Each structure stands twice: as structure tokens, then as C-alpha cells.
Amino acid sequence: MTYDEKIQLIMIGESSVGKTSLINRYTKNIFNTNHLETTGIEFNSREERINNKIIRVKIWDTAGQEIFHSLTKNFYRKADGIIIVYDVTNKDSFDKIHDWVKSVHDNIDSYREIHMLIVGNKIDLEESRQVSKEEGEKISKYFDIPYFEASAKNANGVRNFMMKIIKDVVNNKVNDRNSFNLKNYYADIEDDKKSCFC
């Protein structure tokens, strides 16, 4: 299919949080219970109609293992949007969000504003949940990054968060409140530290 515009998104997060499953659900509407862990970088794509234009959405799928982090960082500079995924049944994957945000900050050009989302996956496993929705909302407020919950298994919420970031990127609103200026954010944090006498 021909398209009018192409955007590139990258999905990051710890190993086994379900990044590949979310991408497969969005691009192919499938869920594979026997999926093997991603090694390196892979991608899938699909087309969306936004503002009467055909948009090709290319989504990079990254390995969460530490040994692949340096490879992942190289793709931040190419991305129009970044989705940080954690597993609501794995508190450690949630705690690592701070590291992932810092990694993005350290590896993109300081002048760039980049659209980001935080997504809590596997909400179908409610009985095994270790991270509440309120905790997800709290970290969303802390980083000023929009937050969604989803389930790759039953497709709940997947299209919602994907369309959110796709539309934000396509519309490219410089002053959009959902656009996250990492340079200014960390500058503000440093100023807060300097002014804190506690």
C-alpha cells in the first residue's frame, strides 16, 4: 500500500514485559503464548488513516536484556515517539521506568521534543497485579508522560494508546502538553536539587 507519510515509534522496557506481544496485537491482531524473547531489534508496521492521509506506522521492537541496551539507544535518535512498557505483575519492571526515561534523556539530541507514553501491560492478570493503577498514574504525573494500561492478550487498551501517540506524532504539536521536553525536565530537577535545603 502506498502511504503519504511514515512515522517511527520505538517500544522499550525490561525483558518479558510484553513489548512484542503488544506490537503483534496492534499490527497483526494476534497473540502468541509461545513467543520467544526478542534478541536485538525487530520491527513491524501497519497503516492508519489520520487527517485524511495514509500513515505508515513503523514500530521498533527492542530486547530488554542489558546486553542489548547499547543497541537500543542508537534507535532513540530515529524515533518520532517512544513507548515505555512495564508489566503490572512485575514491580521491578515498573521501578526501572526511571532508568528508561534517563536512558532516553541521555541519548537524544537536547533540542528535540519527543512524544512518549508509559504503558502498564498484562492487566488481564489482575489477580497477580503488583503495581496498582494509582501507582502508574503517580509516575505519569511525576514525569509528565501520559499513562495507559493494556492487555496484549485480550487487546484491551492497545489501540487506545497506539492511536494516542500516533496522532500526537502526526499532528506534531510543538507545544502539546503531551509532548515531553526531556532537557527542560532534567534542568528543572537539577534546579530543584540546588534550591532544596532539606
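Our structure is the block above this text.
Residues numbered from 1 in each chain as written. Predicted model: local features only at pLDDT ≥ 70, side-chain atom pairs only at ≥ 80, totals over all residues. Heavy atoms only, no water.

1. Here's the deal with the environment of S128
For step 1, the next point in the chain: In this structure, S128 sits in the loop between strand 5 (114–121) and helix 5 (133–143).
For step 2, the next point in the chain: With 39 residues separating them in the primary sequence, S128 and T89 have C-alpha atoms 5.5 Å apart. (Helix = DSSP H or I, 4+ residues; strand = E, 2+ residues; numbered from the N terminus.)

2. Thoughts on the packing of aromatic side chains
For step 1, the next point in the chain: Scanning the model with the defined rule gives 3 aromatic pairs in all.
For step 2, the next point in the chain: A ring pair is formed by Y86 and F94, whose centres lie 5.0 Å apart and whose planes are at 65°; its orientation type is edge-to-face.
For step 3, the next point in the chain: On the accessibility criterion, F94 (8% relative accessible area) is buried.
For step 4, the next point in the chain: Each ring, one from Y142 and one from F143, has its centre 4.9 Å from the other, and the planes form 75°; the classification is edge-to-face.
For step 5, the next point in the chain: The buried category is assigned to F143, whose relative accessible area is 2%.
For step 6, the next point in the chain: Here R46 stacks its cationic end above the ring of Y26, 4.8 Å away from the centre of that ring. (Phe/Tyr/Trp six-rings, centres within 6.5 Å; stacked < 30°, edge-to-face > 60°. Buried < 20%, exposed > 50% of the residue type's maximum accessible area, 1.4 Å probe, protein only. Lys NZ or Arg CZ within 6 Å of the ring centre and 35° of its normal.)

3. Structural notes on the pattern of salt bridges
For step 1, the next point in the chain: If you walk through the whole model with that rule in mind, you get 11 salt bridges.
For step 2, the next point in the chain: E14 is paired through a salt bridge with K96; the nearest N and O atoms lie 3.7 Å apart. Within this pair, whereas E14 is found in the loop between strand 1 (5–13) and helix 1 (19–28), its partner K96 is found in the loop between helix 3 (91–95) and helix 4 (97–107), the two being separated by 82 residues in sequence.
For step 3, the next point in the chain: E149 is the salt-bridge partner of R129, the closest N and O atoms lying 3.0 Å from each other. Taken together, the positions of R129 in the loop between strand 5 and helix 5 and E149 in strand 6 (residues 147–149) put the pair 20 residues apart, joining distant regions of the chain.
For step 4, the next point in the chain: By relative accessible area, which is 17% here, E149 ends up buried.
For step 5, the next point in the chain: A single salt-bridge network, built from bridges that share partners, covers E14, D92 and K96. (Salt bridge = Lys/Arg side-chain N within 4 Å of Asp/Glu carboxyl O.)

4. Side note on the pairing of strand 5
For step 1, the next point in the chain: Counting buried positions over the 8 residues of strand 5 gives 8, a clear majority of the element.
For step 2, the next point in the chain: Taking every second residue as pointing to the same face, both faces of strand 5 are buried, with I114, M116, I118 and G120 on one and H115, L117, V119 and N121 on the other.
For step 3, the next point in the chain: Where strand 4 (residues 81–87) lies against strand 5, 7 bridges are found, and the strand directions are parallel. When the bridges of strand 5 are listed, I84 appears paired with I118.
For step 4, the next point in the chain: The pairing of strand 5 with strand 6 spans 3 bridges and is classified as parallel. Its bridge partner being in strand 6, V119 is matched across the sheet by F148. (Pairing = 2+ DSSP bridges.)

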